[in-house]
Amino acid sequence: MSVLRPLDKLPGLNTATILLVGTEDALLQQLADAMLKEDCASELKVHLAKSLPLPSNVTRPRIDLIMFVVNLHSKYSLRNVEESLHHVDATFFLGRVGFLATGAGRESHCSVHRNTVVKLAHTYRSPLLFCDLEVEGFRATMAQRLISAELTSVPVFLYIVCGTPPQHG
Amino acid sequence: MDETVAEFFKRTILKIPMTEMMTILKAWGFLSENQLQTVNFRQRKESLVQDLVLLCEKKRASLNDAAILDIVYTQFHRHQKVWDVFRMSREPGEDIDLFDMEQFKRSFKKILQRALKNVTISFRDAEENAVWIRIAWGSQYRKPNQYRPVYVVYYSQTPYAFTSSSQLRSNIPLLGQALTIASKHHQIMKMDLRSRYLDSLKAIVFKQYNQTFETHNSTTPLQERSLGLDINMDSRIIHENRIEKERVQRVTQETFGYYPQPRLEFAQYKLETKFKSDLNGGILAEREEPLRCLIKFSSPHLLEALKALAPAGIADAPLSPLLTCIPNKGMNYFKIRDK
């Protein structure tokens, strides 16, 4: 499948699947580890991808939440996320997508302006979280937030969504 | 003992950290075990230094002995200097006599002393047929400045010499000349290679860095030899781009090998190129003068950092050959011009 659609599969019983999309594998890996360390009532699976579209020759469970990770130190990571967004079905943006910007703490290293990601998140009507994933404490806190967002039966982000989602072909 | 020599001793011994004092003094070898035992090493540093200087005076230590202590200190603290690399060459077809270390030293000393009346030259032999040379520069009218010496490490079985960067650059051509003539070469050329890590420079220049430690592990699957970012064995984490990750690992291993990289702190690229554009016209396109720009990559360990770029997802693999050629070409300064 070249476009991810949120509801074309049945939800798994007592399982949750999060997809993290970003160029910096090390950070994604660490975030995934932090999330799995959290005590989960239901079974959590984390998929890591550099970009979308995902390889199509694999069966995978329904994806409940996509987090796009942008490293503010790297224009390359921003561009990668922007291009990957084209491969997500519009209905995903009704509460199943979030943006995570890392690296804001080290201002001198930032080559992507905060406003750029703020505008991006606004365009896609999805929430934006800032978290320096390189710092273990912040990473653990973010992992907790993502888990609790994931496990509530109603998508948590829904209340932030307003207006109509952008038109996709 | 001359006052200036005593002062030189004092300042040289003061430089040595207390934790290394015994080791360095033993390596120096001027004061015997027995004599060292008569000194109280537990007292305050200033008093200890005073006692040691007195001991040296009693033993009639000379300026040269102090210079040798300075060499020993520098050998233990070689990272405090920045080292340049010189390569010498001979005329093709010339007979190479057996190298005579004593003759080299005599000849080297003679050449420098003839040119500059005041200069202090000291030698200390090292392993691998190398010699450490310490030179304190003076002039016709001034005594040598013992506090701004230049060090040269010459590997006699090779055409290479490493020198510590010095601010007194006017004497470098003379130094080069002395080195060349004394070692029976014809020409000397400075390589575009510089670093604090003398051992890494050695490894690069003598091509010793690419020795693979594991010669029998060819059956180990690729995943187990991955670079630091192990593909997580937790089955709850799924890598969607596993194939691409493996390709990147493979390409990185092919480029950088399995061995630890020699240590450099930076790579510098000077670009002097004319503006090129797909669009016709524009102010810059008509500009005759090339654009100049300097790009510098810095890191505590540059080559390991470059090796980690693609696996970390920060750059595509394979990396630009301008970055990966550094150890092969033995360069970390590049000038890039239009062909």
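Rules and cut-offs
Residues numbered from 1 in each chain as written. Chains lettered and ligands numbered in written order. Predicted model: local features only at pLDDT ≥ 70, side-chain atom pairs only at ≥ 80, totals over all residues. Heavy atoms only, no water. UniProt positions renumbered as here; feature names shortened; annotations may be inferred. Helix = DSSP H or I, 4+ residues; strand = E, 2+ residues; numbered from the N terminus. Rg over C-alpha atoms; globule rule 2.2 N^0.38 Å. Buried < 20%, exposed > 50% of the residue type's maximum accessible area, 1.4 Å probe, protein only. Contact = heavy atoms within 4.5 Å. Polar contact = N/O pair within 3.5 Å; in protein donor to acceptor, adjacent residues only side chain to side chain. Axes fitted to C-alpha atoms, helices over the stretch in contact; angles between N-to-C directions. Parallel < 35°, antiparallel > 145°, perpendicular 65-115°, else oblique. Nonpolar A, V, L, I, M, F, W, Y, C, P; charged D, E, K, R; others polar. Arc of directions from axis to C-beta. Left-handed = near helix turned anticlockwise from the far one by under 90°. Pairing = 2+ DSSP bridges. Buried area = accessible area lost by both parts, 1.4 Å probe. Salt bridge = Lys/Arg side-chain N within 4 Å of Asp/Glu carboxyl O.

- An unreviewed UniProt entry annotates chain B as Centromere protein N of Equus asinus.
- Under the UniProt heading Sequence similarities (unreviewed entry), the note attached to chain B is "Belongs to the CENP-N/CHL4 family."

- In the nomenclature of an unreviewed UniProt entry, chain A corresponds to Centromere protein M from the organism Equus asinus.

## Some words on the overall build of chain B
Here's step 1: Along chain B, the regular secondary structure elements total twelve helices and ten strands.
Here's step 2: Relative to a compact globule of 339 residues, whose C-alpha radius of gyration would be 20 Å, chain B shows 26 Å and is clearly more extended.
Here's step 3: Projected onto the principal axes, the alpha-carbon positions of chain B cover approximately 75 × 60 × 45 Å.
Here's step 4: Residues counted as buried form 44% of the 339 residues belonging to chain B.

## Considerations on the environment of Gln75 of chain B
Residues and elements named next belong to chain B.
Here's step 1: By the element assignment, Gln75 lies in helix 5 (residues 63-76).
Here's step 2: Spatially, the C-alpha atom of Gln75 lies 29 Å from that of Cys325, the residues being 250 residues apart in sequence.
Here's step 3: When near neighbours in sequence (up to four residues on either side) are disregarded, Gln75 contacts Arg124, Ala126 and Trp132.
Here's step 4: A polar side-chain atom of Gln75 sits 2.7 Å from a polar atom in the side chain of Arg124.

## Some points on the packing of helix 2 (residues 75-85) of chain A against helix 3 (residues 114-123) of chain A
Any two packed helices are characterised by the angle at which their axes cross and by the distance between the axes.
Residues and elements named next belong to chain A.
Here's step 1: Packing of helix 2 against helix 3 leaves a shortest axis separation of 12 Å and a crossing angle of 10°. One way to sum up the angle between helix 2 and helix 3 is to call them roughly parallel. Across from Leu78, Val81, Glu82 and Leu85 in helix 2, the residues of helix 3 making contact are Thr116, Val117 and Leu120.
Here's step 2: Of the residues contributing to the contact of helix 2 with helix 3, the split by class is five nonpolar, one polar and one charged.

## Some points on helix 10 (residues 302-309) of chain B
Residues and elements named next belong to chain B.
Here's step 1: Listed in full, the buried residues belonging to helix 10 are Leu302, Leu303, Leu306 and Lys307. One face of helix 10 carries all of its buried residues, which in axial projection span an arc of 135°.
Here's step 2: Of the surrounding elements, those touching the buried residues of helix 10 are helix 9 (242-256), strand 8 (266-273), strand 9 (291-298), helix 11 (321-324) and helix 12 (326-329).

## A short note on the packing of helix 2 (residues 21-28) of chain B against helix 5 of chain B
Residue and element names in this part refer to chain B.
Here's step 1: For the pair helix 2 and helix 5, interaxial distance at closest approach is 9 Å and the crossing angle is 125°. Classified by the angle their axes make, helix 2 and helix 5 are oblique. In terms of crossing hand, the pair formed by helix 2 and helix 5 is right-handed. Packed against helix 2, whose contacting residues are Thr23, Ile24, Ala27 and Trp28, the element helix 5 presents Asp65, Ile68, Leu69, Val72, Tyr73 and Phe76 at the interface.
Here's step 2: Among the residues forming the contact of helix 2 with helix 5, the class breakdown is eight nonpolar, one polar and one charged.

## A closer look at the sheet that holds strand 8 of chain B
All names here are of chain B.
Here's step 1: Spatial strand order, 9-8-10: three strands in an open sheet with mixed pairing. Only two strands of the sheet have a single neighbouring strand rather than two, namely strand 9 and strand 10 (333-337). With strand direction ignored, the average angle separating the axes of adjacent strands in the sheet is 15°.

## A few points about the interface of chain A and chain B
Here's step 1: Counting residues at the interface gives 21 residues for chain A and 17 residues for chain B.
Here's step 2: Summing both sides of the interface, chain A and chain B together bury roughly 1,600 Å²; the carbon and sulfur share of this comes to 48%.
Here's step 3: At the junction of chain A with chain B, the criterion picks out one salt bridge.
Here's step 4: Note that Asp25 of chain A is salt-bridged to Lys245 of chain B, the shortest N-O span being 2.3 Å.
Here's step 5: For the pair chain A and chain B, the interface holds ten residue pairs in polar contact (both at pLDDT 80 or more).
Here's step 6: Of all elements in the fold, only helix 1 (25-37) and strand 2 (43-49) of chain A reach the threshold of two or more residues within the side of chain A that touches chain B.
Here's step 7: Along the lines of polarity and charge, the residues of the side of chain A that touches chain B split into eleven nonpolar, four polar and six charged.
Here's step 8: As judged from the three bridges shared by strand 2 of chain A and strand 7 (residues 237-239) of chain B, these two strands associate in the parallel manner. Paired with Val46 of chain A across the bridge in strand 7 of chain B is Ile237 of chain B.

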